[in-house]
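This is what each chain is made of:
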Amino acid sequence: MKQKVVHIVLNTFENDSRVIRECKTLAAANYDVLLIAFWNKGLKEKELIVGFTVIRLKLKFLKWSNHPLVQIIKYFEFMVKSLIVINREKPIICHGHDPSGLFVAYLAKVLWNCKLIYDSHELWGHTSHMKNYNRILYKIGGVFEKYIIKIADIVITVNKSIADILKQTTGKESIKIIRNISEINAVNLKLNKSRLNLPNSKFILIYIGSLAQGRGVDRLIECMINVHNEIGLVIVGGEQKFHGNYNRLIERYSLKGRIELLPAVSPNEVIAICSVADVGIHPIENTCLNHFYCLPNKLFQYIQAGIPVLCSDFPEMREVVNGFKVGEVFDVEDLSNISNTINSLFQNTEKLIEYKNNCIKASTTLNWNNEKLKLLDIYSNLFSTSN
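About the cut-offs
- Residues numbered from 1 in each chain as written.
- Predicted model: local features only at pLDDT ≥ 70, side-chain atom pairs only at ≥ 80, totals over all residues.
- Heavy atoms only, no water.
- Helix = DSSP H or I, 4+ residues; strand = E, 2+ residues; numbered from the N terminus.
- Rg over C-alpha atoms; globule rule 2.2 N^0.38 Å.
- Buried < 20%, exposed > 50% of the residue type's maximum accessible area, 1.4 Å probe, protein only.
- Contact = heavy atoms within 4.5 Å.
- Pairing = 2+ DSSP bridges.
- Axes fitted to C-alpha atoms, helices over the stretch in contact; angles between N-to-C directions.
- Salt bridge = Lys/Arg side-chain N within 4 Å of Asp/Glu carboxyl O.
- Phe/Tyr/Trp six-rings, centres within 6.5 Å; stacked < 30°, edge-to-face > 60°.
- Lys NZ or Arg CZ within 6 Å of the ring centre and 35° of its normal.

### With respect to the overall build of the protein
Phase 1 of the analysis: Looking only at helices and strands, the protein has 14 helices and 14 strands in total.
Phase 2 of the analysis: Since a compact globule built from 387 residues should have a radius of gyration of about 21 Å, the 22 Å found for the protein is in line with a globular shape.
Phase 3 of the analysis: With respect to the three principal axes, the spread of C-alpha positions in the protein is 60 × 45 × 40 Å.
Phase 4 of the analysis: Split into buried and exposed, the 387 residues of the protein put 52% on the buried side.
Phase 5 of the analysis: At a minimum sequence separation of 6, the contacts of the protein that also span at least 24 residues come to 68%.

Take a look at the structure:
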């Protein structure tokens, strides 16, 4: 009989690449994996995805306003309906992703003595995108998070810097690290620049990911004024609401034709699309500790695609980029430094080839096939102690 586990996320579970990788890995290792998310129009309430089951809960209050009290009502509904599913499934392990999933998993532990795993995808409480939330509710949530971390069976996070901060703030001695590392690309897409509508440029930079403020996309567009005119930029991101602002910037700086904005693609297509470019770039800004200590999936996707990485000079990213010699870092606060770094690599063919070769070598180490062994070891140990 398969050992049953439940994962909980507070999203619609469409492009959550980290959680997809984890659930897919566990399902392939013969665990019975169920993931709980919430439903939205156009999505299936229940479906099978690469070996595991997804249940999306319909919430009556989903379309209500984002007033803090309404947010509490929404979350309470999600929590109650999640617990009903968990009670029916009776898993041995509840795996909560970020605090929203953690609180549900904690109640399952209290009510039914499930093993509790907390998977912290970021340094919660130090994220710039949370500044608009009600601060009182946020502080209360932070207090609960610290308390639950102390009694969780396992706490996982994405890099050493965040793990060290969690240890210091909670007193939890052991924090496991599972990085946001990509799977080896198995999708064989026949792509070229014209099919993807990339700029008709000799040299292509690519940015993949969120277009929100603080990600440095506006700075990246501005610095293109001072890079060689044979260098083009493609920005791939799903938040259409930002496209208008960035298109206006492109027109203001007379960069039309050299910069293209493309919609988001599925996680299993990202590496194939990156491989058509020459260099991957990530100019995230130091707007919060979570940004400063980030180690995003896109860095590993660029490496898997075999293209050098240019990124902000922040500790975790610098360690990977410099340690594996797969690219260079820049001062994101200095537009001229970003431009000069891009121009320098464009003009140094030998260095570009060296970084590309190092990416190929690094990809044999920096891939999910290696990283997933940590997850499997965690689960194996937890199940052995529950028997």
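There's plenty left to go through after this.
### Concerning helix α10 (residues 297–305)
Phase 1 of the analysis: Taking burial as the measure, the nine residues of α10 include nine buried ones, the bulk of the element.
Phase 2 of the analysis: Those residues of α10 that fall on the buried side of the exposure criterion are Asn-297, Lys-298, Leu-299, Phe-300, Gln-301, Tyr-302, Ile-303, Gln-304 and Ala-305.
Phase 3 of the analysis: Gly-306 sits one or two positions beyond α10 and adopts a positive phi of about 80°.

### Describing the sheet that holds strand β9 (residues 203–208)
Phase 1 of the analysis: The strand order across the open sheet formed by six strands is β11-β10-β9-β12-β13-β14, and the pairing between neighbours is parallel. Edge positions in the sheet fall to β11 (259–262) and β14 (327–330), since each of these pairs with one other strand and no more. Strand-to-strand twist across the sheet, computed as the mean angle between neighbouring axes with direction ignored, equals 20°.
Phase 2 of the analysis: Direction of pairing for strand β10 (residues 231–236) relative to β11: parallel, over a ladder of four bridges. Residue pairing for β11: Val-234 is matched across the bridge by Glu-260.
Phase 3 of the analysis: Running over the sheet, α10 touches β9, β12 (279–282) and β13 (309–312) and is turned about 145° from β9.
Phase 4 of the analysis: Along the sheet, helix α11 (residues 315–323) makes contact with β12, β13 and β14, crossing β14 at roughly 150°.

### Looking at the sheet that holds strand β7 (residues 154–157)
Phase 1 of the analysis: Pairing in this open sheet of eight strands is mixed, and the strands run β3-β4-β2-β1-β5-β6-β7-β8 from one edge to the other. Both outer strands of the open sheet, β3 (46–49) and β8 (176–177), are each paired with one neighbouring strand and no more.
Phase 2 of the analysis: Bridge analysis of strand β1 (residues 3–8) against strand β2 (residues 31–38) gives six bridges, and the strand direction is parallel. If you follow Lys-4 over to β2, its bridge partner there is Asp-32.
Phase 3 of the analysis: Across the sheet, helix α3 (residues 98–112) is in contact with β1, β5 (93–97) and β6 (115–120); its angle to β5 comes to roughly 155°.
Phase 4 of the analysis: Its contacts with the sheet place helix α5 (residues 160–170) against β6, β7 and β8, and it is angled at close to 140° to β7.

### Comments concerning the pattern of salt bridges
Phase 1 of the analysis: Under the definition given, this model contains 16 salt bridges.
Phase 2 of the analysis: Put simply, Arg-18 and Asp-119 hold a salt bridge, and the shortest N to O gap is 3.0 Å. In this pair, Arg-18 is assigned in helix α1 (residues 17–28) and Asp-119 in strand β6, connecting sequence segments 101 residues apart. The pair Arg-18 / Asp-119 is uniform in exposure class, with both members buried.
Phase 3 of the analysis: The salt bridge involving Asp-278 is made with Lys-356; its shortest N-O contact spans 4.0 Å. Of this pair, Asp-278 sits in the loop between α8 (270–274) and β12 while Lys-356 sits in helix α13 (residues 349–363), and the two are 78 residues apart along the sequence.
Phase 4 of the analysis: Using a relative accessible area of 14% as the deciding quantity, one classes Asp-278 as buried.

### Describing the pairing of β12
Phase 1 of the analysis: On β12, burial covers both faces: Val-279 and Ile-281 on one face and Gly-280 and His-282 on the other are all buried.
Phase 2 of the analysis: Judged from the two bridges that link them, β9 and β12 form a sheet pairing that is parallel. Residue Leu-205 lies in a different strand from β12, and its bridge partner there is Val-279.

### Brief notes about unusual backbone geometry
Phase 1 of the analysis: In this structure, Lys-90 takes a positive phi of about 50° despite not being glycine.
Phase 2 of the analysis: Following the sequence through the fold, Lys-90 ends up in the loop between α2 (68–89) and β5.
Phase 3 of the analysis: The exposure class assigned to Lys-90 is exposed, which follows from its relative accessible area of 59%.
Phase 4 of the analysis: For Lys-325, which is not glycine, the phi torsion reads 55° and is therefore positive.
Phase 5 of the analysis: For Lys-325, the location among the structural elements is in the loop between α11 and β14.

### Examining the packing of aromatic side chains
Phase 1 of the analysis: Going through the model one piece at a time under the given rule, you end up with eleven aromatic pairs.
Phase 2 of the analysis: Here Tyr-31 and Tyr-379 contribute two aromatic rings whose centre-to-centre distance is 5.6 Å and whose plane-to-plane angle is 65°, an arrangement assigned as edge-to-face. Within this pair, whereas Tyr-31 is found in strand β2, its partner Tyr-379 is found in helix α14 (residues 368–386), the two being separated by 348 residues in sequence.
Phase 3 of the analysis: For Tyr-379, a relative accessible area of 0% translates into the label buried.
Phase 4 of the analysis: For the pair Phe-103 and Phe-144, a centre-to-centre distance of 6.4 Å together with 70° between the ring planes defines the contact as edge-to-face. Remark: Phe-144 occurs in helix α4 (residues 135–151) and Phe-103 occurs in helix α3; sequence separation between them is 41 residues.
Phase 5 of the analysis: For Phe-103, a relative accessible area of 17% corresponds to the buried category.
Phase 6 of the analysis: Through a chain of ring-to-ring contacts, three or more aromatic side chains come together here, namely Tyr-75, Phe-78, Phe-103 and Phe-144.
Phase 7 of the analysis: Of note, Lys-58 hangs over the ring of Trp-39, and the distance from its end group to the ring centre comes to 4.6 Å.
Phase 8 of the analysis: Of note, Arg-252 hangs over the ring of Tyr-253, and the distance from its end group to the ring centre comes to 5.8 Å.

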